[in-house]
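Close look at the chain arrangement
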Amino acid sequence: MDAARVVEEATKMVKKGDEEVEVPDGLKGRIIPFQLVQASLFQADLQAISDMEARIEEIVSETEEIKDGFSDDEAQEYLEGDDNPKLDSKRIKKDAKSKDGEIEPETLEKLKRLVSLWDEKSKLNKSLKTSRQALIDKTREAVESLSDEEIASFLHTKWIAPVCEGINNTLTAEIDKMEKGITALAAKYAVSYHELNDQLVSAQNKLAGLITQLEGDKSSIDGLNALMNSFKD
């Protein structure tokens with residue numbers, strides 16, 4: 001139980017030259033993962049962080065849309081670089097402060113919108129960093145003060161629940177496999193042997209009727225008659 005309350009330094013492997021080395025990467029629970037505790041105890045914090053991340057993605061997307069919507073003249077003025085042009089933030093921020101009339105109204109609106117999006121993104125990034133650290137601190141405190149009952153519950157969620165889910169998924173997969181096999185067999189034998197035999201006899205009778213209408217030399221007629229007799233066999 002005491003080991004389940006231990007919080008220690010997390011590490012990750014990074015490439016350094018030709019070798020991979022282990023470097024610090026925040027904190028983790030020795031036994032109980034931070035993510036498990038956060039998902040159970042701090043859902044509101046996780047949702048707030050998720051909302052900020054989603055808004056940042058929206059800002060990046062809208063910024064790209066404005067960039068892609070630049071006219072040729074605007075692109076020449078406010079993009080820099082040839083292979084992969086990027087927004088010239090200094091020029092955009094400077095011209096966004098221009099008085100009405102100095103720059104085309106439509107262009108000025110785009111520049112102001114870009115500056116507004118950048119300011120919002122900067123504030124969100126700061127808030128996101130603060131919220132993530134606050135969540136880590138709260139999680140650390142929560143892990144270190146878990147009761148024996150909470151530890152037992154988290155261990156069940158970590159170790160037992162995945163096994164049960166795996167067993168259920170295996171059973172479901174096998175049942176689905178059997179169901180598909182039965183469906184395939186039903187489709188394969190949808191027409192019974194009796195029906196197939198009746199269809200064969202009907203087809204042979206029609207063919208025999210057509211053969212009797214044919215004319216030819218003796219050897220040909222003998223061959224046709226032999227074919228008709230084979231139908232009877």
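Please refer to the structure higher up on the page.
Below you will find a few notes about this structure. (Residues numbered from 1 in each chain as written. Predicted model: local features only at pLDDT ≥ 70, side-chain atom pairs only at ≥ 80, totals over all residues. Heavy atoms only, no water.)

**A closer look at the overall build of the chain**
- Within the chain, the secondary structure is distributed over 8 helices and 4 strands.
- Secondary structure elements of the chain occur, N-terminal to C-terminal, as β-β-α-α-α-β-β-α-α-α-α-α.
- Compactness check: the chain gives a C-alpha radius of gyration of 38 Å against a globular reference of 17 Å for 233 residues, more than 25% above the reference.
- Expressed as lengths along the three principal axes of its C-alpha atoms, the size of the chain is roughly 105 × 70 × 40 Å. (Helix = DSSP H or I, 4+ residues; strand = E, 2+ residues; numbered from the N terminus. Rg over C-alpha atoms; globule rule 2.2 N^0.38 Å.)

**Here's the deal with the side chain of Thr107**
- For Thr107, the position within the fold is in helix H5 (residues 105-144).
- Those residues within four positions of Thr107 in sequence are excluded, and the remaining contacts are Glu74 and Tyr78. (Contact = heavy atoms within 4.5 Å.)

**Overview of the packing of helix H1 (residues 34-41) against helix H6 (residues 148-188)**
- Where H1 contacts H6, the axes come no closer than 11 Å and their chain directions differ by 115 degrees. H1 and H6 meet at a crossing whose hand is right-handed. Together, Leu36, Val37, Ser40 and Leu41 of H1 and Phe154, Thr157 and Lys158 of H6 make up the contact between the two elements.
- Partitioning the contact of H1 with H6 into residue classes produces 4 nonpolar, 2 polar and 1 charged. (Axes fitted to C-alpha atoms, helices over the stretch in contact; angles between N-to-C directions. Left-handed = near helix turned anticlockwise from the far one by under 90°. Nonpolar A, V, L, I, M, F, W, Y, C, P; charged D, E, K, R; others polar.)

**Observations regarding the packing of aromatic side chains**
- Taken as a whole and judged by the stated rule, the model has 1 aromatic pair.
- Here the aromatic rings of Phe70 and Tyr78 are separated by 6.3 Å at their centres, their planes lie at 50 degrees, and the arrangement is tilted. (Phe/Tyr/Trp six-rings, centres within 6.5 Å; stacked < 30°, edge-to-face > 60°.)

**Digging into a nonpolar patch on the surface**
- A surface patch of nonpolar side chains, about 380 Å² in accessible area, is lined by Val163, Ile167, Leu171 and Ile175.
- On the secondary structure map, Leu171 appears in helix H6. (Patch = residues over 30% accessible without salt bridge, like charges linked within 9 Å, V, L, I, M, F, W, Y side chains within 5 Å. Areas by Shrake-Rupley, 256 points an atom, 1.4 Å probe, with all protein chains shown as cover. Salt bridge = Lys/Arg side-chain N within 4 Å of Asp/Glu carboxyl O.)

**Details of the pattern of salt bridges**
- The tally for this structure, following the rule as stated, stands at 13 salt bridges.
- Two residues, Arg132 and Glu53, come together in a salt bridge whose shortest N-O distance is 2.6 Å. Pair noted here: Arg132 is in helix H5 and Glu53 is in helix H2 (residues 43-68), with a separation of 79 residues, a long-range link.
- Judged by relative accessible area, Arg132 falls into the partly exposed class, the value being 39%.
- Take Glu53: its relative accessible area is 30%, and that puts it in the partly exposed class. (Buried < 20%, exposed > 50% of the residue type's maximum accessible area, 1.4 Å probe, protein only.)

**Describing the packing of H1 against H5**
- Between H1 and H5, whose axes approach to 10 Å, the crossing angle comes to 95 degrees. Relative to H5, H1 is oriented roughly perpendicular. Within the contact between the two elements, H1 uses Phe34, Val37, Gln38 and Leu41 and H5 uses Leu135, Ile136, Thr139, Arg140, Ala142 and Val143.
- Along the lines of polarity and charge, the residues of the contact of H1 with H5 split into 7 nonpolar, 2 polar and 1 charged. (Parallel < 35°, antiparallel > 145°, perpendicular 65-115°, else oblique.)

**Points about the side chain of Asp88**
- As for its placement among the helices and strands, Asp88 is situated in the loop between strand E4 (86-87) and helix H4 (89-95).
- In contact with Asp88, other than residues within four places in its own chain, are Tyr78, Leu79 and Glu80.

**Details of the pairing of strand E1 (residues 7-16)**
- Pairing of E1 with strand E2 (residues 19-29) involves 9 bridges; the strand directions are antiparallel. Across the sheet, Lys16 pairs through a bridge with Glu19, a residue of E2. (Pairing = 2+ DSSP bridges.)

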